[in-house]
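The chain contents come next:
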Amino acid sequence: MKASRRRFLGASGIAAFSAMTPIEAAGSEDDPLGVRKDFPATGDYTYLNTAYIGLISQPVVEASRDWIEARARRPYTVGQMLAKTQETRKLFAEMVGASEDEIGFLYSTSEGENVVANSIEFKRGDNVVFDDIVYPSTPIIYKKLAQTRGLEIRVVKNRGGAGTVADFAKLVDQRTRIVSVAWVSNTSGHRHDMKGLADLAHAHGAYLYADAVQFIGTGPVDVRSVGVDFFTTGTYKWLMAGFGVAPFYVRRELLDRIQPENVGWMVEKPPKNAKKFEYSSLTFGEMYGLAASLAYLKRIGLDKIETQSVMLGRRLRQGLVDRKFQIFTPEGNASSIVSFYTPKSAKDAQAVLDQARVKVSVQDEGDSPMVRIRVAPAFFNNAGEIDRFLKVSEKLL
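Residues numbered from 1 in each chain as written. Predicted model: local features only at pLDDT ≥ 70, side-chain atom pairs only at ≥ 80, totals over all residues. Heavy atoms only, no water.

Colleague: How do you make sense of the overall build of the protein chain when you look at a structure like this?
Modeller: Summing up its helical and strand segments, the protein chain has 12 helices and 14 strands in all. Over its C-alpha trace the protein chain gives a radius of gyration of 21 Å, about what one expects of a compact globule, namely 21 Å for 397 residues. Burial status across the protein chain gives 55% buried among its 397 residues. For the protein chain, long-range pairs separated by at least 24 residues make up 74% of all intrachain contacts whose partners lie at least 6 apart in sequence. For the protein chain, the accessible surface area stands at approximately 16,800 Å², while carbon and sulfur atoms represent 52% of it. Charged side chains in the protein chain number 52 positive and 46 negative. The centres of these two groups are separated by 3 Å. (Helix = DSSP H or I, 4+ residues; strand = E, 2+ residues; numbered from the N terminus. Rg over C-alpha atoms; globule rule 2.2 N^0.38 Å. Buried < 20%, exposed > 50% of the residue type's maximum accessible area, 1.4 Å probe, protein only. Contact = heavy atoms within 4.5 Å. Areas by Shrake-Rupley, 256 points an atom, 1.4 Å probe, with all protein chains shown as cover. Lys, Arg positive; Asp, Glu negative; His and termini not counted. Charge placed at Lys NZ, Arg CZ, Asp CG, Glu CD.)

This is the structure:
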């Protein structure tokens with residue numbers, strides 16, 4: 001699979017937020033979940049870019065500030081920091097329907113898939129199946145294994161931005177060892193039928209791995225009932241926390257089959273749970289912010305978060321259809337990410353968006369004459385902001 005060359009444009013630094021004066025957005029007073037006060041950037045921009053980097057809420061700012069103050073005046077002990085890590089693990093496990101012993105903390109989503117792929121004993125002629133809307137790390141990981149272990153790579157071609165179970169079924173067989181997907185695609189926003197894919201993989205003796213960075217935090221989930229075997233997610237997008245922490249789920253029954261690639265002082269005698277992947281000091285400061293964010297999302301309710309954001313995504317997609325844009329996101333999709341194409345150059349499209357003070361991702365695909373724009377409303381956004389974006393989008397035709 002030829003990885004697309006992608007440039008994300010228009011991601012301004014934090015300083016740019018404070019340099020701007022507030023804008024008036026249609027419907028900005030509409031705050032169905034009562035959260036906009038916790039995201040002051042919503043008064044500076046029309047921020048529809050959570051799939052790129054999520055805004056952090058004021059409770060996370062406060063938790064992070066407390067951490068910095070403690071480092072300056074009364075540094076926490078290792079015991080206190082490990083206790084906070086365990087609190088965070090408990091909150092995350094509850095969020096996804098897992099047990100605490102199934103959750104470890106890594107540093108990135110790509111690390112999680114590397115751990116899984118390198119733990120499986122591939123035999124020459126075994127295969128891995130993924131689609132062409134996975135995150136670019138996935139094909140790179142398995143390309144290396146194809147070169148070193150003779151693994152066959154099979155790629156499902158998306159249809160209208162979606163990779164269906166039926167399409168995967170055409171390529172999965174008894175030599176398939178792992179099916180790998182982005183739970184929600186970072187390109188089309190397609191949300192996969194994970195239960196269907198898990199059943200398909202398991203029926204052939206294969207595992208299901210998911211890069212869940214564009215999904216976890218967007219709605220309720222019970223990983224046990226879904227049937228996914230492993231997933232990793234980052235925390236700087238829909239979990240709205242910091243960088244350097246990546247929750248890693250391993251189904252309990254598979255913990256003895258997936259082994260850490262590294263050892264260190266924290267796992268001199270590796271435990272029999274997912275803590276065995278935490279071989280060295282974690283990014284403890286980010287852990288404090290993540291705990292605050294998980295608690296914040298829990299208070300709001302993931303069901304309410306999903307209802308609000310998916311509703312905005314569908315309103316957005318329909319508005320783009322009405323304006324005759326070419327859409328990459330499938331109809332009826334259950335995520336809020338919406339991607340569409342503009343005939344303008346990436347530079348010209350970015351200029352339109354900057355002028356309107358709209359934050360989305362402009363994705364310049366090196367192997368396509370069209371420029372893709374990805375819009376990702378979150379639960380703090382409102383219908384007025386979607387309508388404002390749709391008005392701006394008319395300048396992208």
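Here the narrative resumes, following the displayed structure.
Colleague: Help me out: how do you make sense of the sheet that holds strand 8 (residues 230-232) in this one?
Modeller: The strands that make up a sheet pair up through hydrogen bonds in the backbone, lying either parallel or antiparallel. One open sheet holds the seven strands; their spatial order is 3-9-8-7-6-4-5, and the pairing between them is mixed. Two strands bound the open sheet, and with one partner strand each, they are strand 3 (103-106) and strand 5 (152-156). Neighbour-to-neighbour, the strand axes of this sheet turn through a mean angle of 20°, independent of strand direction. Bridge analysis of strand 8 against strand 9 (residues 246-250) gives three bridges, and the strand direction is antiparallel. Residue pairing across strands places F231 opposite Y249, the latter belonging to strand 9. This element, helix 4 (residues 109-119), spans strand 3, strand 6 (176-182), strand 7 (207-211), strand 8 and strand 9 of the sheet and lies at about 165° to strand 7. Relative to strand 4 (residues 127-131), helix 5 (residues 137-149) is tilted by about 160°, and along the sheet it contacts strand 4, strand 5 and strand 6. (Pairing = 2+ DSSP bridges. Axes fitted to C-alpha atoms, helices over the stretch in contact; angles between N-to-C directions.)

Colleague: Got a minute to help me understand the side chain of S188 in this structure?
Modeller: Summarising the element assignment, S188 is placed in the loop between strand 6 and helix 7 (194-203). Excluding anything up to four places from it in sequence, S188 contacts I133, G161, F328, T329, P330, I337 and S339.

Colleague: Even after reading the chapter, I still don't get the pairing of strand 11 (residues 338-342), so can you show me in this structure?
Modeller: A regular strand carries its side chains on alternate faces of the sheet. The element strand 11 is largely enclosed, with a buried count of five among its five residues. Of the two faces of strand 11, the one carrying V338, F340 and T342 and the one carrying S339 and Y341 are both buried. Two strands pair when backbone bridges link them, and strand 11 and strand 14 (residues 371-375) are joined in this way by five bridges, in the antiparallel orientation. Each residue of the ladder has a partner; that of S339, found in strand 14, is R374.

Colleague: Mind showing me how you'd approach the environment of F39 here?
Modeller: Position of F39 among the secondary structure elements: in the loop between helix 1 (14-19) and strand 2 (46-47). For F39 and Q318, which are 279 residues apart along the polypeptide, the C-alpha to C-alpha distance reads 27 Å. When near neighbours in sequence (up to four residues on either side) are disregarded, F39 contacts L55, I56, S57, M240, Y296, F379 and F380.

Colleague: Help me out: how do you make sense of empty space enclosed by the protein in this one?
Modeller: Using a probe with the size of a water molecule, rolled over the atoms, empty space left in the structure can be pinpointed. Throughout the structure, instances matching the rule amount to four cavities of 30 Å³ or more. Space inside the largest cavity adds up to approximately 60 Å³. Along its surface, the largest cavity is lined by R191, Q214, T218, W238, E306, S309, V310, A334, S335, S336 and I337. For the lining of the largest cavity, the per-class residue count stands at four nonpolar, five polar and two charged. Looking at the second largest cavity, its volume works out to about 50 Å³. Every residue along the wall of the second largest cavity is listed here: L106, E111, V115, P260, E261, N262, F277 and Y279. Residue composition of the lining of the second largest cavity, by class: five nonpolar, one polar and two charged. (1 Å grid on protein atoms, 1.4 Å probe; cavity = no way out; pocket = protein on both sides within 12 Å on 5 of 7 lines; lining within 4 Å. Points joined across faces, edges and corners; volume = space filled by probe spheres on them. Nonpolar A, V, L, I, M, F, W, Y, C, P; charged D, E, K, R; others polar.)

Colleague: Explain the packing of helix 4 against helix 5 to me, please; I cannot follow it from the model alone.
Modeller: If you want to describe how two helices pack, look at the angle between their axes and the distance between the axes. Where helix 4 meets helix 5, the closest approach of the two axes is 10 Å, and the angle between their N-to-C directions is 25°. Our classification of the angle between helix 4 and helix 5 gives roughly parallel. The two elements helix 4 and helix 5 meet at a crossing, and its hand is right-handed. Along its contact with helix 4, which presents S110, E113, N114, A117 and N118, the element helix 5 presents S137, T138, I141, Y142, L145 and R149. When its residues are assigned to classes, the contact of helix 4 with helix 5 shows four nonpolar, five polar and two charged. (Parallel < 35°, antiparallel > 145°, perpendicular 65-115°, else oblique. Left-handed = near helix turned anticlockwise from the far one by under 90°.)

Colleague: Would you mind showing me how to read the nonpolar core here?
Modeller: A general feature of soluble globular proteins is that nonpolar side chains tend to end up buried together. Ranked by size, the top nonpolar core spans 63 residues in total, and within it W183, I216, V228 and F231 carry the most contacts. By residue number, the principal contributor to this core is helix 9 (residues 284-300), which donates nine residues. If we skip the residues at most four places from it in the chain, F231 touches F92, V96, W183, Y209, A210, A212, I216, V223, P247, F248 and Y249. (Core = buried A, V, L, I, M, F, W, Y, C linked by side-chain atoms within 4.5 Å.)

Colleague: Would you take a moment to explain the environment of S185 for this structure?
Modeller: Secondary-structure assignment places S185 in the loop between strand 6 and helix 7. Considering only alpha carbons, one finds S185 and V213, 28 residues apart in sequence, at a separation of 9.3 Å. In this structure, S185 is in contact with I133, H190 and I337, ignoring residues within four places of it in sequence. A polar contact of 3.0 Å, which involves the side chain of S185, links it to the backbone oxygen of I133. (Polar contact = N/O pair within 3.5 Å; in protein donor to acceptor, adjacent residues only side chain to side chain.)

Colleague: What exactly am I supposed to notice about the pairing of strand 9 here?
Modeller: Burial within strand 9 is extensive, with five of its five residues counted as buried. The alternating pattern of strand 9 places A246, F248 and V250 and P247 and Y249 on opposite faces, both of which are buried. Direction of pairing for strand 3 relative to strand 9: antiparallel, over a ladder of four bridges. Bridging across to strand 9, G104 finds its partner in F248.

Colleague: Explanation requested: the pattern of salt bridges in the structure shown.
Modeller: Any two side chains of opposite charge can pair, so long as their charged atoms come close to each other. Taken as a whole, this structure holds 22 salt bridges when the rule is applied. A salt bridge links D126 to R177; the nearest nitrogen and oxygen atoms lie 3.3 Å apart. Placement of the pair is D126 in the loop between helix 4 and strand 4 and R177 in strand 6, with a sequence separation of 51 residues. The network of salt bridges with common partners includes E102, R224, D229, R251 and E253. (Salt bridge = Lys/Arg side-chain N within 4 Å of Asp/Glu carboxyl O.)

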